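These are the residues of each chain, in order.
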Amino acid sequence: FSPKLKICCIGAGYVGGPSCAVIAYKCPDIQVTIVDINEQRIKEWNSDNLPVYEPGLDEIVFACRGKNLFFSSDVDFHINEADLIFVSVNTPTKKSGLGAGFASDLAYLESATRRIAKVATSSKIVIEKSTVPCKTAESMRAILDANSNDLIRFDILSNPEFLAEGTAINDLLHPDRVLIGSLTTPEGIRARSVLASVYEHWVPKEKIITANLWSSELSKLAANALLAQRISSINSLSAICEATGADVDEVAFACGLDSRIGPKFLKASVGFGGSCFQKDILNLVYLSESLNLPEVAAYWNQVVIMNEYQKERFTSRIIKSLFNTITNKNLAIFGFAFKKNTGDTRESAAITLIKYFLRENANVRIYDPKVPKEQIVRDLTDPEVASVEKFNQRVQMFDCPYEAAKGTDAIVIVTEWDEFKVLDYQKIYGEMNKPAFVFDGRSIVDYNVLKKIGFKVSVVGKAI
Ligand code: NAD
Ligand code: UDX
C-alpha cells in the first residue's frame, strides 16, 4: 500500500480517535496514524475494547485498523513520516498560575508543537484541531518558524472539531460544516486545499468553509458559548416554570417553533456537563478580560453561573421535598455520564450533585450503563468532591438499576439514558422506602404514570 498522503494525529482522545478513524474509513488512499504519549491508551485503541465508547466507532475502527489506520506511541517517528499533522491534544482549564480557573492550559499543545519542530525533517502542514483561544496559531507559528529553514516549511491551519459526544460518528460522517482557517498567502491557500481534499472524500464541497485563522479559532469558542447559552437560558426559565406552574417543555416547544429560534438545544436539565462547554466559555471570558472587555466577560460568565445555580437549585428542591433532610437517606442516582450514549464523565452534573448529597451525609447508590466503576471512584474521590473515607462509607455502585433503587427513599435521574424511560417502575416502587420519590432532572419519564404507581414526582421545569 503506497498512500497518497500520510496523516499523523497527535492525541488519541475523544476527538483525535473518532475524527481520524473516520478519515481513514472514508479515505482508503490515505494512511492515518494516531499517536499518543499515553501508552495505555494506545494499547486500548489496539485492543478489542476501545478506550472511547461512541455508537458506531467500533465498526469503523475494526474495518480500517491495520489497513490504513494505525495507533502508536512512537510519536516522533510518525510525526516525521507525515505530510499532515493534526494536533488534537487536551486543552483543559488552567488549575494554577496566571488565568487559573479561566484560561486554557496550552502546555500540551505547546509540547506537541515543540515535538514537531524538533523531529520534523521535511515540510509539514500542521493542523490545530484542539479547541484553543484566539491567536494560538500565532504561538504555534513562532515555535515552528524558529525551526524551519530553506528545506523545511511549516504551514498552520485551524480546523476546529464540532462533533458532540454520543453522536460523534454521525456528526463526523455528516457534518453541518467543516471549517478550515488559514492565512490568505499562496502557501496558506495551498495548505488549505490539501486539507480540504481530505474532507472532500465524503463531505459536500459547499459544506467545507474557509475563514481566516483567527475567525476559525474564535468560531469554535463562539459556537460552544452560543449552544451553552441556550441551555442556561432554558434552565433559567425552568426556575420560573417551577415557581409559576408553567411547563418548561411546553415553553420550549412553543418558542422553538419560531424558525428564528429553532427547536434544538432547548431541553431543560440538571445543567450542562462535558469537557467543552464550561472550559470554552471560561476561556472566552478570560479572552474578553484580557482584551479589556469586562462587560463581554461578565455576559458570558453568567452562562456558567446559571449552570451552577441550576445544580444547586435542583439539590435544594430534593432536600426540601425529602422533608428538609437527606442525612442518612438512601438516594439512587440514575446516570453518571454527562449525557446519554457516552461513558465520559468530565464535568458531569452527577459529580456536583453527588458532592452536595455527600455533604449532607446522604447515602448514594449509583447506576450508569456505560461509565466504568473505576471512573466513578476517581471522580468522587477527587479532593474537591469527597474524601476516600466518605466515599467508602456512603457510596455504592451497581450494575443494575433495580438493585440500585432497592431500599432507597428517592431516585434522582441525572443522565437522559433511554433505558430510564422504560424501566419497570412498578417493580422499583415495591422495593423502595415509602413515601418513594422520583426527581427527574431530565424530564424524560412520564410523570403521570409514576404518580399513578404512587411515587411523589418532581420534574425539572414543572411545578408538579
Ligand atoms: P482527551 O483528553 O480525550 O485526549 C487528548 C489526548 O492527547 C490524551 O490522550 C493525551 O495523552 C494526549 N496528549 C497530550 N499531550 C500530548 C503530546 N504532547 N503528545 C502526544 N499526545 C499527547 O481530549 P479530547 O476530549 O479528545 O479533546 C482534545 C481537544 O479537542 C481539546 O482541545 C478539546 O477542547 C477539543 N474538543 C473536544 C470535543 C469533545 O467532545 N471531547 C469536541 C470538540 C473539540
Ligand atoms: C459540545 C458541542 O455540542 C459540540 O459541538 C462541541 O464540539 C463539543 O461540545 P458535547 O459536550 O459532547 O458537545 O455534548 P452536547 O450534546 O453539546 O451536550 C453538552 C451538555 O449539555 C450535556 O450535559 C447535555 O446533557 C446538556 N444539554 C444539551 C442540555 O442540558 N440540554 C440540551 O438541550 C442539550
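Keep in mind that this is a model prediction, so the values were computed, not measured. (Residues numbered from 1 in each chain as written. Chains lettered and ligands numbered in written order. Predicted model: local features only at pLDDT ≥ 70, side-chain atom pairs only at ≥ 80, totals over all residues. Heavy atoms only, no water.)

Draft legend 1. Structural view of helix H11 (residues 277-290). Under the 1.5 Å per step criterion, the end-to-end length of H11 is 20 Å for 14 residues, consistent within 8% with the ideal 20 Å. Every buried residue belonging to H11 is among Phe 277, Gln 278, Lys 279, Asp 280, Ile 281, Leu 282, Asn 283, Leu 284, Val 285, Leu 287 and Ser 288, and all of these are buried. Residues of H11 that are buried in the fold lie against helix H9 (213-244) and helix H12 (294-321). A positive phi of about 60° marks Asn 292, the residue just after H11. (Helix = DSSP H or I, 4+ residues; strand = E, 2+ residues; numbered from the N terminus. Expected span 1.5 Å × (residues − 1). Buried < 20%, exposed > 50% of the residue type's maximum accessible area, 1.4 Å probe, protein only. Contact = heavy atoms within 4.5 Å.)

Draft legend 2. The site of ligand 2, seen in detail. Neighbouring ligand 2 are 21 residues; Leu 163, Lys 220, Ser 269, Phe 338 and Arg 442 lie closest to it. Residue Glu 165 places a main-chain N or O atom 2.7 Å away from an oxygen atom belonging to ligand 2. Take Ser 269: an N or O atom from its side chain is 2.6 Å from an oxygen atom of ligand 2. In isolation ligand 2 has 650 Å² of accessible area, and contact with the protein removes 90% of it. Element by element, the count of residues in the shell around ligand 2 is highest for H9, at four residues. Looking at which domains feed residues into the shell around ligand 2, each of domain 1 (5-203) and domain 2 (305-459) supplies at least three. (Near = heavy atom within 4 Å. Polar contact = N/O pair within 3.5 Å; in protein donor to acceptor, adjacent residues only side chain to side chain. Areas by Shrake-Rupley, 256 points an atom, 1.4 Å probe, with all protein chains shown as cover. Domains from an automatic or database assignment.)

Draft legend 3. Focus on the pattern of salt bridges. Counted by the stated rule, this structure contains 22 salt bridges. For Lys 129, the salt bridge is made with Glu 161, and the minimal N-O distance between the two is 3.0 Å. Placement of Lys 129 in the loop between strand E5 (124-128) and helix H6 (136-145) and of Glu 161 in the loop between strand E6 (154-158) and helix H7 (168-173) is noted, with a sequence separation of 32 residues between them. Residue Glu 161 is classed as buried on the basis of its relative accessible area of 13%. Asp 418 is paired through a salt bridge with Lys 340; the nearest N and O atoms lie 3.0 Å apart. Within this pair, whereas Asp 418 is found in the loop between strand E12 (410-413) and helix H17 (425-430), its partner Lys 340 is found in the loop between strand E9 (330-334) and helix H13 (349-359), the two being separated by 78 residues in sequence. When its relative accessible area of 38% is taken as the criterion, Asp 418 is described as partly exposed. Overall, the relative accessible area of 25% leaves Lys 340 in the partly exposed class. Counted as one network, the salt bridges with shared partners bring together Asp 247, Asp 249, Lys 267 and Lys 462. (Salt bridge = Lys/Arg side-chain N within 4 Å of Asp/Glu carboxyl O.)

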